[in-house]
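One letter stands for each residue in the lines below.
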Amino acid sequence: MEAVPARARVYIACVAMAALLCLLPPPGVRTPWWAVALLAALYAGCERVARSRFAGISHPAGTFYPVLLAGAFLLPAPAAALVAVPGALLSQAGQRPVALRRIWRAAQLVLGVWAAARVHRLLGGPDAVVAGDVPYALGPAGAAVLAFCLVLALLDGGILALAERVPVRRAWRGLVARSLAPIAVHGLAGLMMAVLWRSPYGPVAALLVLLPMCVSWWAFAQYHRERAAHQATIRALVQAVDIKDGYTRGHSERVGHASMMIARELGMADERVEVLRFAGILHDVGKLGMPTRLLRKDGPLTPEERRVIELHPEYGHEMVRGIGFLGEARAAVLHHHERLDGSGYPYGLVGRQIPESARVVAVADAFDAMTSTRSYSRARPVAVALAELERCAGSQFDPVMVAALVEAVGRTGWHPAVTADDEEARPPRVPPPGAPLPSRPGAHR
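Residues numbered from 1 in each chain as written. Predicted model: local features only at pLDDT ≥ 70, side-chain atom pairs only at ≥ 80, totals over all residues. Heavy atoms only, no water.

1. Regarding helix H14 (residues 270–282)
Now for step 1: Helix length check: H14, at 13 residues, gives a terminal C-alpha distance of 19 Å against a target of 18 Å (1.5 Å per residue), a fit within 8%.
Now for step 2: A large share of H14 lies buried, amounting to 10 of its 13 residues.
Now for step 3: Of all the positions in H14, only Val273, Glu274, Val275, Leu276, Arg277, Phe278, Ala279, Gly280, Ile281 and Leu282 are classed as buried. (Helix = DSSP H or I, 4+ residues; strand = E, 2+ residues; numbered from the N terminus. Expected span 1.5 Å × (residues − 1). Buried < 20%, exposed > 50% of the residue type's maximum accessible area, 1.4 Å probe, protein only.)

2. Looking at the UniProt feature "transmembrane region" (unreviewed entry) in the protein chain
Now for step 1: Under the feature "transmembrane region" (unreviewed entry), the UniProt entry names residues 6–24, 70–91, 103–123, 143–163, 175–197 and 203–221.
Now for step 2: As a span, residues 70–91 carries 82% helix and 0% strand, and end to end its C-alpha atoms are 20 Å apart.
Now for step 3: What you have in residues 143–163 is 100% helix and 0% strand, and the ends, taken at the C-alpha atoms, are 30 Å apart. (UniProt positions renumbered as here; feature names shortened; annotations may be inferred.)

3. Here's the deal with the packing of helix H1 (residues 6–22) against helix H8 (residues 134–163)
Now for step 1: In the contact formed by H1 and H8, the axes pass within 8 Å of each other and the chain directions differ by 160°. The angle between H1 and H8 falls in the class roughly antiparallel. Regarding H1 and H8, the two cross each other, and that crossing is left-handed. In contact with Arg7, Ala8, Tyr11, Ile12 and Val15 of H1, H8 contributes Leu154, Leu155, Gly158, Ile159, Ala161, Leu162 and Ala163.
Now for step 2: Its residues placed into classes, the contact of H1 with H8 shows 10 nonpolar, 1 polar and 1 charged. (Axes fitted to C-alpha atoms, helices over the stretch in contact; angles between N-to-C directions. Parallel < 35°, antiparallel > 145°, perpendicular 65-115°, else oblique. Left-handed = near helix turned anticlockwise from the far one by under 90°. Contact = heavy atoms within 4.5 Å. Nonpolar A, V, L, I, M, F, W, Y, C, P; charged D, E, K, R; others polar.)

4. Thoughts on the packing of helix H6 (residues 98–122) against H8
Now for step 1: The interhelical angle for the contact between H6 and H8, taken along N-to-C directions, is 150°, at an axis separation of 8 Å. In terms of orientation, H6 and H8 fall into the roughly antiparallel class. Considering how the two elements wind past one another, H6 and H8 form a crossing that is right-handed. Residue-level inspection shows Trp104, Gln108, Leu109, Leu111, Gly112, Val113, Ala115, Ala116, Val119 and His120 of H6 in contact with H8, the latter providing Pro140, Ala141, Ala143, Ala144, Ala147, Phe148, Val151, Leu152, Leu155, Asp156 and Ile159.
Now for step 2: Along the lines of polarity and charge, the residues of the contact of H6 with H8 split into 17 nonpolar, 3 polar and 1 charged.

In structure tokens, the structure reads:
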């Protein structure tokens, strides 16, 4: 969102205007300003700590939703929405334009908290909070949390479609499902804060609820730091391969993207989808052990040179086998050139002997090889490449994996998001006279 399109700016302006209207207090409603100030200061301080270098969290999502939701359970809707404003406007923005990002975040939270407070009040939630009737209070609080989550997801999907140019039918997919569970936990903590706030123990007791939240947040921050270290390790390996074999720059990340599409189509769990993405990205890491002259050779390889190239899966497995978080991705690195009919390498495995992760990466690898301009062959259209995969299904590729890729590409298209230079953006290399063309998918180095 660094260069924000005009339509996205208009969208943000409209959301900000709606947020300003939500902040207008209705006539005749008394606002406990001391509570608003206390909660706003608490939220702003928590957000400041969460964005500090000590925390190590880089994602822009709010970290202390319990404070905002406690405000929604305790205060009138405009006052509750006001709690989010100082923290959002003073928070750190990772990218430019900073002011626009802060305004967007503040407006988004104002609308979400306002909707949560309105739903909570309409369902009689404040009476249950004052009475300390926790079981009855769970219903209105749950509905308020759902409203909060839906508003944030709706607004996030809109900005993804307008600012990031994500296709409309994909912009909102999975936003609610991914955020509902963690926000529900924050909502429960916010409800506990509200009940204790209204109890004889007062606001001081309510603040004690944040202590276990801080512990869980710290553990979550460490998880994100470890995950960022994993990503940096993989990125360094892929960049090393790209430098050594610049002809296939971006290939690894596109294979990771296609592997992820296949895994999602097969209904795999998110954790396994991520592992298979790693498998696709790292499948060619063994090229680091190959002589550079072979990787960059313009003419066809001799039988001896091809035997050397065919060692790259084993080299790659040796490089990554000590990286524990890769899991089954290590088997994919070793076996992604095996074929169902047993004519692949390095071990000539047959059918189900080939690990499932390797069968996924094999299809993704061949698909990108055919749809990218490569040595001695120009890129084929996506439809032609898919038809070729279907023709070779059962002999070279697993038919289940091929069908999953065909279905996924047919529904969402092929728009890989890669950080390396796209091979198709560069002029194709002209093969030397008499050089043979690859006769089958996967006949690439």
